[in-house]
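Residue-level listing of the chains:
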Amino acid sequence: MMNRTRTRTRALAVGLTTVALLASVAATVPGSAAAPKVRPGAVHGAASILYVYSADHDIRFTVDAEAAPFSRPLNDPRVKNGLPTDARGKVTFSHGVPGQDITRWGEAEVDCLVTGRRTATLSAVITAGNTDEVGKRIGISIEDGGRGEPDRLGFSWGVANLDVQPDGTIVQPTVGTCMALAPFAEVTKGGFKLTPATLPPLPVVPKG
């Protein structure tokens, strides 16, 4: 009986020593104790596009957007931590018309980004430019072409985003975060690199 007890004691000691050794090894291996880092969703690139209703115009977009979940707190208890689609970055766009000396341009701060496997929608608020639309939110969609197909891009002021009032008056409503048309315009020069990512879990809100 005594020998059996000693055997069990020695086995337990060996087991605990093994666990301690594994823990020590894990602590010395970089990143072994933490979950692997997940790359945030992102879109980067610059391109000229073919806008079918102004085929001879020089229209260009540059997009540098990266997801930054829950980085924009809002003044509402339901979303006080921000949104899982919060993002940061910049969008620039320009529109040159043949025969005219003026090129319309603008810069916008990215505030929202959602990615899929090969598509993304994002929104940004215009902060500078030579138009009267500073402070306005715009929506951009991007398709990362595959199998030799060109990339595509859509922009909220291109072919839609109209609202009809009860009296028949047509107005252009405010663009909501991440709201954009399907990518309807083909990229003719340049392109975009899209990094897809799933939406992060919602933060745990303490009860009480």
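This structure is a prediction, so every number in the text was calculated from the model and none was measured.

Conventions used here
Residues numbered from 1 in each chain as written. Predicted model: local features only at pLDDT ≥ 70, side-chain atom pairs only at ≥ 80, totals over all residues. Heavy atoms only, no water. Salt bridge = Lys/Arg side-chain N within 4 Å of Asp/Glu carboxyl O. Buried < 20%, exposed > 50% of the residue type's maximum accessible area, 1.4 Å probe, protein only. Pairing = 2+ DSSP bridges. Helix = DSSP H or I, 4+ residues; strand = E, 2+ residues; numbered from the N terminus. Axes fitted to C-alpha atoms, helices over the stretch in contact; angles between N-to-C directions.

A. Summary view of the pattern of salt bridges. In the structure shown here, the tally under the stated rule is seven salt bridges. Residue Asp58 is joined to Arg60 by a salt bridge in which the shortest nitrogen-to-oxygen separation is 2.9 Å. Note on Asp58: relative accessible area 34%, which makes it partly exposed. Taken together, the salt bridges that share partners define one network made up of Arg118, Glu143 and Glu149.

B. Main features of the sheet that holds strand 2 (residues 58-67). The sheet built from eight strands closes into a barrel, its strands ordered 1-2-3-4-5-6-7-10 with antiparallel pairing. With strand direction ignored, the average angle separating the axes of adjacent strands in the sheet is 30°. For strand 1 (residues 42-50) and strand 2, the ladder comprises eight bridges, and the chain directions are antiparallel. Along strand 2, the bridge assignment pairs Ala42 with Glu66.

C. Just the pairing of strand 6 (residues 137-143), in detail. Within strand 6, five of the seven residues are buried, which leaves it mostly tucked inside the rest of the structure. When strand 6 meets strand 7 (residues 152-155), the two strands line up antiparallel, connected through four bridges. If you follow Ile140 over to strand 7, its bridge partner there is Phe155.

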